[in-house]
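Below, each chain spelled out in residue letters.
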Amino acid sequence: MEPALAAQALGASTEIATAALSGEDPEAVLRLVVRHAADLADADLGLVMTRAEDGSLTVEAAHGSPGPTFTNPVGLVLSPRSSAARTARSGVAIVVDDVAEDPRTAPFVPRELRSFGPFAAAPFGTTQRRLGALTVYRHRGARPFAEAAVEVLTAFAAQAGLVLVLAEGATARARLTLYQERERIARDLHDVLVQRLYAAGMQLDLLARRPSRKLARKDAQRLAEAIDQLDASIEDVRAVVRALRNPDPEDHVADLAESARSEVAIAGELLGFAPKLSVDGDLTGIPATVADHARAALRETLSNVVRHSGAHSVSVHIGRNHALELVVTDDGCGIPEGVTHRGLKHLEERAEQAGGHCVVRSSPQGTTVTWTVPLAKG
């Protein structure tokens, strides 16, 4: 391996490791991986693909120039029989001079990628965790990928995949630590704070009831209000304890309208302005599974607005008739190019799991997400 190329690969791996292990957004890390892969291979296009259960590959991030008739390969699905899918399964890299003509690759090349010639694919991940494939392309007529470049790409893909696997483990450990810390906080709140509040309330109540101490009407009213506030605080703390110990319980049916208000309030703190929320219809009888999907869909949509839109106005509407309909509209820049469609897929998958559908309309003037699930007549 050429010293300059080796140094470039080492620098790229270090940058990816720093980003992944410091908790950087996974989408940003994948974009970083594919950018460095394309640079290392001197490719016109680089793609990072992840495996599905059926063996197919989905493009999660891209870097380069796909072509004038095909500008955004993110979301493209490759057949389980494609050369990239075989590389992902076998762990063996492949390189050809013309991806659309070589008999090893040609039969399952998507039409969107048939304008390319030189092609190389390297397994992405580890032997135990084969995440997918890292592929690079050059336009037809360009020089083929040299053996040294493929070796660098293969080593880089393995290192980057290992870093992501390690980052997943670190995230899992951090999540476990968080759950343990939540349990400790919940225990302290319940065993210490609630008991102290309860004791203080009891003492005030006893004081108010002593016949030997006649309080003035105003003082008695203030004391009664203080006792009511303590009771309300105890209930609030108990609700926090329940949420800490079971943040997303399957069998708990929370008020969907109240959940929506909480999600909108959190988004407002991050956006710097309060989104408008309107609720139409009674949401208290929504089935628990549908309500859970709706809460998650609202959270995912508002998260996308906060992270990507740059919006100055956001509205959220939840309505119930024969269907539960969630509509989130913003006046931002639309869905930026290069942003993975994973979040949108999650919205669609949640709607489909509940028997509904999700429609996303985006332009440079803003985005509207309409998430709809039919409800049984009752």
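Residues numbered from 1 in each chain as written. Predicted model: local features only at pLDDT ≥ 70, side-chain atom pairs only at ≥ 80, totals over all residues. Heavy atoms only, no water.

A. The arrangement of the nonpolar core in detail. Residues Ile-286, Leu-302, Val-316, Leu-324, Leu-326 and Trp-371 are the most contacted members of the largest nonpolar core, which totals 31 residues. Mapped by element, the contributors of at least two residues to this core are helix 6 (256-271), helix 7 (288-309), strand 8 (314-320), strand 9 (323-330), helix 8 (342-353) and strand 11 (366-374). The dominant element in this core, judged by the number of residues it contributes, is helix 7, at seven residues. Core analysis: the next-biggest nonpolar cluster, separate from the first, contains 28 residues, Val-29, Leu-40, Ala-120 and Phe-124 among them. (Core = buried A, V, L, I, M, F, W, Y, C linked by side-chain atoms within 4.5 Å. Buried < 20%, exposed > 50% of the residue type's maximum accessible area, 1.4 Å probe, protein only. Helix = DSSP H or I, 4+ residues; strand = E, 2+ residues; numbered from the N terminus.)

B. Local environment of empty space enclosed by the protein. Enumeration according to the criterion identifies two cavities of 30 Å³ or more in this entry. Its boundaries defined by the atoms lining it, the second largest cavity holds a volume of some 60 Å³. Surrounding the second largest cavity, Leu-78, Ser-82, Ser-83, Ala-84, Val-99, Thr-105, Phe-108, Val-109, Pro-110, Leu-113, Phe-119 and Tyr-137 form its lining. Within the lining of the second largest cavity, the residues separate by chemical class into nine nonpolar, three polar and no charged. (1 Å grid on protein atoms, 1.4 Å probe; cavity = no way out; pocket = protein on both sides within 12 Å on 5 of 7 lines; lining within 4 Å. Points joined across faces, edges and corners; volume = space filled by probe spheres on them. Nonpolar A, V, L, I, M, F, W, Y, C, P; charged D, E, K, R; others polar.)

C. Up close: the side chain of Ser-56. For Ser-56, the position within the fold is in the loop between strand 1 (45-51) and strand 2 (57-64). A distance of 2.7 Å separates polar atoms of two side chains, one belonging to Ser-56 and the other to Asp-54. Here Ser-56 is in contact with Thr-50, Arg-51, Val-77, Leu-78, Ser-79 and Pro-80, once residues within four sequence places are set aside. (Polar contact = N/O pair within 3.5 Å; in protein donor to acceptor, adjacent residues only side chain to side chain. Contact = heavy atoms within 4.5 Å.)

D. A look at the packing of helix 6 against helix 7. Following both chains from N to C, one finds helix 6 and helix 7 inclined at 10°, their axes separated by 10 Å at the closest point. If you check the angle between helix 6 and helix 7, you find them roughly parallel. Judged by the twist between their axes, the crossing of helix 6 over helix 7 is right-handed. Taking contact as the criterion, the partners of Leu-256, Ser-259, Ala-260, Glu-263, Val-264, Ala-267, Leu-270 and Leu-271 in helix 6 are, on helix 7, Ala-291, Ala-294, Arg-295, Leu-298, Arg-299, Leu-302, Val-305 and Val-306. Taken together, the residues that form the contact of helix 6 with helix 7 break down as twelve nonpolar, one polar and three charged. (Axes fitted to C-alpha atoms, helices over the stretch in contact; angles between N-to-C directions. Parallel < 35°, antiparallel > 145°, perpendicular 65-115°, else oblique. Left-handed = near helix turned anticlockwise from the far one by under 90°.)

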